[in-house]
Amino acid sequence: MASSWEKAVVDSSDMPLYVSLPESGGPVPGIVVIHGQSGLENFIKDTTHMMALQGYVAIAPNLYHRDGPDCKDDNPTRKARLRDTTIIKDIHAAIGFLKNHRQVDRGRLGIVGFCMGGRLVYLMSAASRDLKAGVMFYGSSTMQPYGEGPSPFDRTPEINCPIQGHFGADDKNPSPEDMRKLDAELNRYGKVHEFHTYAGAAHAFVNTGSKNYRPHAAALSWPKAMEFFSRHLVG
């Protein structure tokens, strides 16, 4: 497994990409890893490492790149500046990087995200035709847009790949009620999905750098996520 920093140019801005490659040659499936409010932290890098060890090319885009490398604002402030229209451009650029990578099978692409990133899994499952599987961990604020336009929830009819969701029973955003609303909407439109809930877990329960990290929930959820990707991307 090897990792490196690459970049993609989006709207004249250099977007950093953290890329981890498996030791096997290829072509292999590719997975986009989407960070939460905390940005492209060690947990996100570790997730790309884990994916590469499982045989995937994994790429994590820095969605805060438009702030520039010298930005000193805190992460909530940076998150508040994000807009769905530009986020979609950024993730499309990351997908394009994977599609053009010599080690990637461009027909077998997936996405995984955490917190804000989980919300973006739902959004991109509707906005992209390239994705074949999406795994969302505790996707927050799926029913609110970032900026103008429809929310991810509003775009449910457009979803075109299977989605797996992981939720903490003690989470407030998304709450268990939010999960039930998402489940009902996906059922309403006949979208393939499966949701899993973990007792004794709140937000960020798989993030090893969070005070909310819960080993029991992480140990239950990660094998489900990897089996889901294997089922839809490896076959």
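Starting afresh in each chain, residues are numbered from 1 along the sequence in its written order. At least 70 in pLDDT is required for a residue's local features to be given in this predicted model, at least 80 for side-chain atom pairs to be given and counted, and no such filter applies to totals for whole chains, interfaces and linings, which use all residues. As a rule here, side-chain values cover all heavy atoms of the structure and leave hydrogens and water aside.

*Asks:* Just to check I follow, could you spell out helix α6 (residues 215–234) for this structure?
*Replies:* For an α-helix, 3.6 residues make a turn, and residues three or four places apart therefore share a direction. Only runs of H or I of at least four residues qualify as helices and only runs of E of at least two qualify as strands under DSSP, and these elements are numbered from the N terminus. Multiply 1.5 Å by the residue count of a helix minus one, and that product is the helix's expected span. Spanning 20 residues, α6 covers 27 Å between terminal C-alpha atoms, matching the ideal 28 Å at 1.5 Å per step. Among the residues making up α6, those that are buried are Ala217, Ala218, Ser221, Trp222, Ala225, Met226, Phe228, Phe229 and Leu233. Viewed end-on, α6 has its buried residues packed into an arc of 160°, placing them on one side of the element. Residue contacts are defined here by distance: any two heavy atoms, one from each residue, within 4.5 Å place the two residues in contact. Here the buried face of α6 lies against β3 (28–34), α1 (42–53), β5 (104–114), β6 (131–137), β7 (163–168) and β8 (193–198). Per-residue accessibility, obtained with a 1.4 Å probe over protein chains only, is compared with the maximum for each type, and a residue is labelled buried under 20%, exposed over 50%, and partly exposed between these values. The arc in question is traced by the directions running from the helix axis to the C-beta atoms.

*Asks:* Please clarify how the pairing of β3 should be interpreted in this entry.
*Replies:* For a regular strand, side chains alternate in direction, first toward one face of the sheet and then toward the other. Burial of β3 is extensive: seven of the seven residues sit out of reach of the surface. Pairs of strands are assigned from DSSP output, requiring at least two bridges between the strands. In this sheet, β5 lies alongside β3 in parallel orientation, the contact comprising six bridges. When the bridges of β5 are listed, Val33 appears paired with Val112. Relative to strand β4 (residues 57–61), β3 runs parallel, the two being bridged by three bridges. Bridging from a neighbouring strand, Gly30 pairs with Val57 of β4.

*Asks:* So what exactly am I meant to see when it comes to the nonpolar core here?
*Replies:* What tends to happen in soluble globular proteins is that the nonpolar side chains get buried as a cluster. Buried Ala, Val, Leu, Ile, Met, Phe, Trp, Tyr and Cys residues form a nonpolar core when they are joined through side-chain atoms within 4.5 Å. Core analysis: the largest hydrophobic core is formed by 43 residues, its most contacted members being Val32, Ile91, Ile111, Leu120 and Met124. Sort the elements by how many residues they give to this core and helix α4 (residues 116–127) lands first, with eight residues. Among residues more than four places away in sequence, those in contact with Val32 are Ile59, Pro61, Ile91, Ala94, Ile95, Leu98, Gly110, Ile111 and Val112. By size, the runner-up hydrophobic cluster in this structure holds 30 residues, among which are Tyr18, Ala60, Ala218 and Trp222.

*Asks:* Would you take a moment to explain helix α5 (residues 176–188) for this structure?
*Replies:* Here α5 is 13 residues long and its end C-alpha atoms lie 18 Å apart, about the 18 Å a rise of 1.5 Å per residue gives. Residues Asp178, Met179, Leu182, Glu185 and Leu186 constitute the buried set of α5. Looking straight down α5, one finds its buried side chains confined to an arc of 130°; they lie on one side. Note on α5: the residue one or two positions beyond its end, Gly190, has a positive phi of about 65°.

*Asks:* Before we go on, may I ask you to explain the packing of aromatic side chains in this structure?
*Replies:* Aromatic ring pairs are reported here in terms of the distance separating the ring centres and the angle at which the planes meet. Here a pair means two rings of Phe, Tyr or Trp (six-membered ring of Trp) with centres within 6.5 Å. Their orientation is stacked below 30 degrees between planes, edge-to-face above 60, and tilted elsewhere. Scanning all chains against the criterion turns up eleven aromatic pairs. Pairing Phe43 with Phe114 gives two aromatic rings, centres 4.9 Å apart and planes at 75°, and the pair type is edge-to-face. With Phe43 in helix α1 and Phe114 in strand β5, the pair connects residues that are 71 residues apart, well separated along the chain. Ring centres of Phe167 and Phe195 lie 4.9 Å apart, and the angle between their planes is 65°; on these two criteria the pair is classed as edge-to-face. Remark: Phe195 occurs in strand β8 and Phe167 occurs in strand β7; sequence separation between them is 28 residues. As far as the burial class goes, Phe167 and Phe195 line up, both buried. Positioned above the aromatic ring of Tyr18, the side-chain terminus of Lys45 is 5.7 Å from the ring centre. The rule is short: NZ of Lys or CZ of Arg within 6 Å of the ring centre and within 35 degrees of the ring normal puts a charge over the ring. Cation over ring: Arg119 sits above Tyr146, and NZ or CZ is 3.6 Å from the ring centre.

*Asks:* How should I be thinking about the side chain of Glu185 in this particular structure?
*Replies:* Of note, Glu185 is situated in helix α5. By relative accessible area, which is 13% here, Glu185 ends up buried. Discounting chain neighbours no more than four positions away, the residues touching Glu185 are Phe153 and Thr156.

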